[in-house]
Each structure stands twice: as C-alpha cells, then as structure tokens.
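Reading the structure
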Amino acid sequence: MLRELAVGFETTLKNFFAPKVTIPYPEQKKPRAQGFRGLHELRRYANGLEMCVGCELCQVACPANAITVQAAENDPANPHSPGERYAYEYRIDLLRCIFCGLCEEACPTGALHLTQEFELSETSRKSLVYGRDRLVRAARSGGSVPVNVYPDFRGHRPLADIQASEQEVAGA
Ligand code: SF4
Ligand code: SF4
C-alpha cells in the first residue's frame, strides 16, 4: 500500500515540474501542419475578377455532396470572371464537408482553396452553409481581364515558419 502511494506521489511530482504540454487556447494557438485543410475560400485575380468560372467540377468531385454550384453567363460589359460563365450561386455546407480537399484538387483555375482557418463554430446549422458572400475573398481592385494572374498562395505556411512557431510555443 505504502509503495503504491510513493509511486503515485513520484509520478505527480515528476509531472508537476515537467514542461507544460498544454497551451492557453484561444489566446495562444498551436501551429497547424503545413497540409492542414480548413475553411474554403474562393479567390480573385489581382484585378478583382473571380477565379471561379462556374464549371461545377468541384461539385462533381465532392464525395460528401457538400458543394452546390449554379453557373450563369457573364455579361461581357461587366464580367464577374474571365470565363464565359461565373458561379451565380455557390454554397458549401460545412456540416457535410469532411475537409478532404478533393474540390481544391479538381478546380481547374485554382479558384478554390482550403485555408488553415478551423474556428467555425456557429449557433445554427443554417449559418454553417457558406455562400459566395462569405467564400469569395479580397476586394475587387481593378477592371481589366487578367491573363493567368494568380494571387499569392496564402493558406499553407512555409515549414520553417511552422517550426519557428513550434519552438516559440515549446519555449513559452
Ligand atoms: S473538402 Fe472534400 S468534402 Fe469538403 S467540400 Fe471539398 S470535396 Fe467536399
Ligand atoms: S471553384 Fe473551381 S471547380 Fe468549382 S466551379 Fe469554380 S472554377 Fe469550377
């Protein structure tokens, strides 16, 4: 009995002085892995036109039936995208999504991108169905039709950056 007590106290003392493995979330956030897949975004070209051309390939690729795309013809005088069509309606049901990334891989224009955002809690099921208004990022900045001008890849962080953050957390 005394032996078991001593072993218990020894374990407690050892862990009491050991470096902490927990972090004070949400003030401090653990770095995500480089390939982490979180909330989707629909990107724009540098001139503000949407990269999505409403081809619906992401909808077909999605194994969870989480994506709904309805395309419409672009008005040549005021196009939404450089293609003939654009996504008039675009919805992702995050309650169905399994964050597999197949939609991102299927997208021929690189419009769809899974960011590292993961804090997606809401108070209703309806608000977890994201529409174009919440998925399309960055303000329009110009007018002319682009020739394959891709914006900076903003989601995945370089490995060195992640390692530096991990060291920072470990040293805190
Ligand atoms: S990440 Fe996977 S499950 Fe989620 S919308 Fe894309 S294809 Fe569908
Ligand atoms: S996000 Fe990409 S794959 Fe989906 S409709 Fe738009 S262009 Fe097509």
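Residues numbered from 1 in each chain as written. Chains lettered and ligands numbered in written order. Predicted model: local features only at pLDDT ≥ 70, side-chain atom pairs only at ≥ 80, totals over all residues. Heavy atoms only, no water.

The following threshold applies: UniProt positions are given in the numbering used here, feature names are shortened, and annotations may be inferred rather than shown by experiment.
An unreviewed UniProt entry annotates the chain as NADH-quinone oxidoreductase subunit I originating from Limnochorda pilosa. UniProt lists a comment for the chain under the heading Sequence similarities (unreviewed entry), and it reads "Belongs to the complex I 23 kDa subunit family." In its Subcellular location (unreviewed entry) section, the UniProt record describing the chain reads: "Cell membrane".

1. Let's talk about the nonpolar core
Threshold: Only buried residues count toward a nonpolar core. Its members are Ala, Val, Leu, Ile, Met, Phe, Trp, Tyr and Cys residues joined through side-chain atoms within 4.5 Å. The classification of residues rests on relative accessible area computed with a 1.4 Å probe and restricted to protein chains. Under 20% of the type maximum is buried, over 50% is exposed, and intermediate values are partly exposed. Every helix listed is a DSSP run of H or I at least four residues long, and every strand listed is a run of E at least two residues long, numbered separately from the N terminus.
Counting 27 residues, the largest nonpolar core has Leu 42, Cys 58, Ile 67, Tyr 90, Ile 92, Leu 94 and Leu 112 as the members making the most contacts within it. Where this core is concerned, the elements lending two or more residues are strand 2 (67-73), strand 3 (85-93) and strand 4 (112-114). It is strand 3 that provides the largest number of residues to this core, a total of three residues.

2. With respect to the site of ligand 1
What counts, and what does not: Proximity is defined per residue: if any heavy atom of the residue lies within 4 Å of a molecule or strand, that residue is considered near it. Residues are grouped as follows: nonpolar covers Ala, Val, Leu, Ile, Met, Phe, Trp, Tyr, Cys and Pro; charged covers Asp, Glu, Lys and Arg; every other residue, Gly included, is treated as polar.
Around ligand 1 sit His 40, Cys 62, Pro 63, Ala 64, Ile 67, Cys 97, Ile 98, Phe 99, Cys 100, Gly 101 and Cys 103, and that is every residue in its neighbourhood. The class makeup of the residues in the shell around ligand 1 is nine nonpolar, two polar and no charged.

3. Digging into the confidence of the model for the chain
Atom-level detail of predicted coordinates should not be read off regions where pLDDT is low. Convention followed: On a scale of 0 to 100, pLDDT captures the predictor's confidence in every residue. Contact definition: two residues touch when any of their heavy atoms are within 4.5 Å.
Here the chain averages 82 in pLDDT, and 80% of its residues register 70 or above. Looking at the elements of the chain, mean pLDDT is at its lowest for helix 5 (residues 159-171), recorded as 59, and at its highest for helix 2 (residues 57-61), recorded as 96. Across residues 139-157 the pLDDT falls below 50, and counting only partners more than four positions away or on other chains, this stretch makes 50 contacts in the model.

4. Some remarks on the packing of aromatic side chains
Test applied: Stacked, edge-to-face and tilted are the three classes for Phe, Tyr and Trp ring pairs, Trp counted by its six-membered ring, which pair at centre distances within 6.5 Å; planes under 30 degrees apart are stacked, over 60 edge-to-face, the rest tilted.
The final tally for this structure, using the stated rule, is two aromatic pairs. On the numbers, 6.1 Å between centres and 75 degrees between planes, the contact of Phe 36 with Phe 118 is edge-to-face. With Phe 36 in the loop between helix 1 (2-17) and strand 1 (40-42) and Phe 118 in the loop between strand 4 and strand 5 (129-131), the pair connects residues that are 82 residues apart, well separated along the chain. Residue classification places Phe 36 among the partly exposed positions, given a relative accessible area of 26%. Take Phe 118: its relative accessible area is 35%, and that puts it in the partly exposed class.

5. Some points on the site of ligand 2
Lining the immediate environment of ligand 2, one finds 13 residues, of which Cys 52, Cys 55, Glu 56, Cys 58 and Cys 107 sit closest. Classifying every residue of the shell around ligand 2 by side-chain character gives ten nonpolar, two polar and one charged.

6. Examining the pairing of strand 3
Note the threshold: Strand pairing is defined by DSSP finding a minimum of two bridges between the two strands.
Relative to strand 3, strand 2 runs antiparallel, the two being bridged by seven bridges. From the neighbouring strand, Glu 73 faces strand 3, where its bridge partner is Arg 85. Pairing between strand 3 and strand 5: three bridges, direction antiparallel. Across the sheet, residue Arg 91 finds its bridge partner in strand 5, namely Gly 131.

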